[in-house]
Amino acid sequence: MAEPLKVVVTGAAGQIAYSLLFSVAKGDVFGKDQPLELLLLDITPMMEVLNGVVMELMDCAIPLVKNIVATDDPMVAFKDVDAAFMVGAMPRREGMERKDLLKANVKIFKAQGQAMDQVAKKTVKVIVVGNPANTNGCILSKYAPSIPKANFTCMTRLDQNRAQAQIAAKLGVSNDQVTNVIIWGNHSSTQFPDVAHASVTIQGKTIPVAEAIKDDSYIKNDFIKTVQQRGAAVIKARKLSSAMSAAKAACDHMRDWFFGTGNNWVSMGVISDGSYGIREGLMYSYPVKIHDKTWTIVQDLKINDFAREKMDATAAELSEELDAALAECEA
Ligand code: NAI
């Protein structure tokens, strides 16, 4: 059997981690033959809760799990890790200003980046889930300069899955029959869910989603709004934010990174190289293809005026957020 892969989950005592850890532990992400060492990081006041999670993970008696380490010390949690799920973040509390939230998260991701820089493997693959995920990802990478920028990503896969599911439901097909839906930009309500390049297979025939739906107004209005507002709708109904679906999306993202996407595309926040006229250095969600554990941005897609406007609006929000975070780093 292979050597155990070291996988860290931060925010390990929280609700997303509760679903995520089970999926990772039973081999949904790294394969059914890949032994694992799980490193669980949370803050000091959560250590008792985290201990309960460790007890439950033990009680699952999953053969792939060779060791579990629970800690409040990033230097322990990130030691030699191969994969990092960065779920822990400061949540927005009532009355908290955006600026304060950003400040708290810059502090967290700066410290975690510095620790990662010192002790993680240089090949570590990182997905940031904790919000504001895109900007947190930039800060993490900034403070871990010895690790390639391409190893830092953030999650927009939940938005992609939501978009895909909406289209599948609209057309009455199974979710896997809808491919190449794109999420551009920020994991926020300015994100642009785009089906202009997506396909659907209906009764064995693959056609563009736009042709199958035939209702441009639905695609430009209700569809986009539903996906953009889905997180808020879940909170309203469940009184808690998405957790099961967020964990599933984080697993999809990391599994595709390790095993590839074949000919399909997936969306992930990556540090922009300027593709599609987006400011270099922003962590912007693009369509990517993955082969040999390496992602590349899908290039040369035709962008019409409607898409351009939406792509630029979400980039503008990200730019403002990054500038505020960078100013905070220097303060
Ligand atoms: P939660 O509040 O249940 O859990 C968060 C955990 O992170 C808590 O146990 C907390 O103690 C821990 N934490 C806080 N600061 C930490 C630090 N410095 N180091 C390690 N752990 C720390 O929240 P939940 O529901 O699990 O969500 C986690 C994050 O994921 C939130 O920021 C949420 O907004 C975000 N999210 C992102 C999504 C995406 O699509 N990118 C989707 C859904 C949620």
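Residues numbered from 1 in each chain as written. Predicted model: local features only at pLDDT ≥ 70, side-chain atom pairs only at ≥ 80, totals over all residues.

1. With respect to the overall build of the protein
Here's step 1: Assigned secondary structure in the protein consists of 11 helices and 14 strands.
Here's step 2: Expected size for 331 residues packed as a compact globule is a radius of gyration near 20 Å; at 19 Å, the protein falls within 12% of this value.
Here's step 3: Overall, the C-alpha framework of the protein stretches about 55 × 50 × 40 Å when taken along its three principal axes.
Here's step 4: Burial statistics for the protein: of 331 residues in total, 44% are counted as buried. (Helix = DSSP H or I, 4+ residues; strand = E, 2+ residues; numbered from the N terminus. Rg over C-alpha atoms; globule rule 2.2 N^0.38 Å. Buried ≥ 20, exposed ≤ 12 C-beta atoms within 10 Å, placed from the backbone.)

2. Let's talk about helix H4 (residues 98–119)
Here's step 1: Over its 22 residues, H4 runs 31 Å from end to end, which matches the ideal 32 Å to within 8%, given 1.5 Å per residue.
Here's step 2: Elements that come into contact with the buried residues of H4 comprise helix H3 (74–77), helix H5 (133–142) and helix H11 (305–330). (Expected span 1.5 Å × (residues − 1). Contact = placed C-beta atoms within 7 Å.)

3. Topic: the nonpolar core
Here's step 1: Counting residues in hydrophobic clusters, the biggest one holds 97 residues, and the most contacted among them are Leu20, Val129 and Ala250.
Here's step 2: Broken down by element, this core gets its largest block of residues, seven residues, from helix H10 (residues 244–259).
Here's step 3: Looking at which domains feed residues into this core, each of domain 1 (5–154) and domain 2 (157–321) supplies at least three.
Here's step 4: Ignoring anything within four residues of it in the chain, the contact list for Val129 reads Ile16, Phe85, Met86, Val87, Met155, Ala246 and Ala250. (Core = buried A, V, L, I, M, F, W, Y, C linked by C-beta atoms within 7 Å. Domains from an automatic or database assignment.)

4. Re the UniProt feature "domain: Lactate/malate dehydrogenase N-terminal" (unreviewed entry) in the protein
Here's step 1: Taken from the UniProt record, the annotation "domain: Lactate/malate dehydrogenase N-terminal" (unreviewed entry) applies to residues 6–152.
Here's step 2: Taken end to end, residues 6–152 is 41% helix and 18% strand, and its two terminal C-alpha atoms sit 17 Å from one another. (UniProt positions renumbered as here; feature names shortened; annotations may be inferred.)

5. Description of the sheet that holds strand E11 (residues 205–208)
Here's step 1: The strand order across the open sheet formed by three strands is E7-E10-E11, and the pairing between neighbours is antiparallel. Because the sheet does not close on itself, it has two edges, and the strands there are strand E7 (178–179) and E11.
Here's step 2: Sheet analysis places strand E10 (residues 199–202) next to E11, joined by four bridges and oriented antiparallel. Of the residues in E11, the one forming a bridge with Ser199 is Pro208. (Pairing = 2+ DSSP bridges.)

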